[in-house]
Amino acid sequence: MEDLKIKWEEMDNDDYVAYIDDIKLRVEKMEELKWWWAVYQNDKELCDEHKPFARNKEYAMKMAEECAKDI
């Protein structure tokens, strides 16, 4: 999956989703300077459940993308 251009779509205000085949990436703003991110396959979260929050949307998206590329 390296060098794959991932297209993010805004689902709702400060809530974004992207798909790579059957893998779903999500990013959502929780509060100021606190962005949550997750990666799912078949409704199962794939990344460490104790992952850090990001300080901005772009970094949260990057962390989700890096997780998905490692699958």
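Everything that follows concerns the structure shown earlier in this document.
Residues numbered from 1 in each chain as written. Predicted model: local features only at pLDDT ≥ 70, side-chain atom pairs only at ≥ 80, totals over all residues. Heavy atoms only, no water.

**Q** How would you summarise the environment of Ala-38 if you had to cite specific residues and measurements?
**A** Residue position: Ala-38 is located in strand S4 (residues 34-41). Distance in space between the C-alpha atoms of Ala-38 and Glu-49 is 8.7 Å, their sequence separation being 11 residues. Beyond its immediate chain neighbours, meaning those up to four positions away, Ala-38 contacts Lys-24, Leu-25, Arg-26, Glu-45, Lys-51 and Ala-64. (Helix = DSSP H or I, 4+ residues; strand = E, 2+ residues; numbered from the N terminus. Contact = heavy atoms within 4.5 Å.)

**Q** I'd like a description of the pattern of salt bridges, backed by residues and values.
**A** For the coordinates displayed, the defined rule picks out four salt bridges. Arg-26 is the partner of Asp-15 in a salt bridge, and the nearest nitrogen-oxygen pair spans 3.0 Å. Of the two residues, Asp-15 is situated in strand S2 (residues 15-20) and Arg-26 in strand S3 (residues 23-31); the sequence distance between them amounts to 11 residues. Residue classification places Arg-26 among the buried residues on the basis of a relative accessible area of 19%. When the shortest N-O distance is used, the salt bridge between Glu-45 and Lys-51 registers 2.5 Å. Since its relative accessible area comes to 29%, Glu-45 is described here as partly exposed. With relative accessibility at 16%, the residue Lys-51 sits in the buried group. Several salt bridges share partner residues, and in doing so they unite Asp-15, Arg-26 and Glu-28 into one network. (Salt bridge = Lys/Arg side-chain N within 4 Å of Asp/Glu carboxyl O. Buried < 20%, exposed > 50% of the residue type's maximum accessible area, 1.4 Å probe, protein only.)

**Q** Please provide a residue-by-residue account of the nonpolar core, values included.
**A** Counting residues in each nonpolar core, the largest one holds 19 residues, and the members touching the most others are Trp-8, Leu-25, Val-27, Trp-37 and Val-39. For this core, the secondary-structure elements that each account for two or more residues are S2, S3, S4 and helix H1 (57-69). For this core, the leading source of residues is H1, giving six residues. Residue contacts for Trp-37: discarding those within four places in its chain leaves Arg-26, Val-27, Cys-47, Lys-51, Pro-52, Ala-60, Met-63, Ala-64 and Cys-67. (Core = buried A, V, L, I, M, F, W, Y, C linked by side-chain atoms within 4.5 Å.)

**Q** Just give me the short version of the state of the cysteines, but keep the residues and values in it.
**A** The final tally for this structure, using the stated rule, is one disulfide. Covalently, Cys-47 is tied to Cys-67 through a disulfide, its sulfur atoms 1.6 Å apart. Every disulfide takes its handedness from the sign of the S-S torsion; for Cys-47 and Cys-67 that torsion is -110°, giving left-handed. Of this pair, Cys-47 sits in the loop between strand S5 (44-45) and H1 while Cys-67 is found in helix H1, placing the two residues 20 residues apart along the sequence. One exposure class covers both Cys-47 and Cys-67, and it is buried. (Disulfide = S-S within 2.5 Å.)

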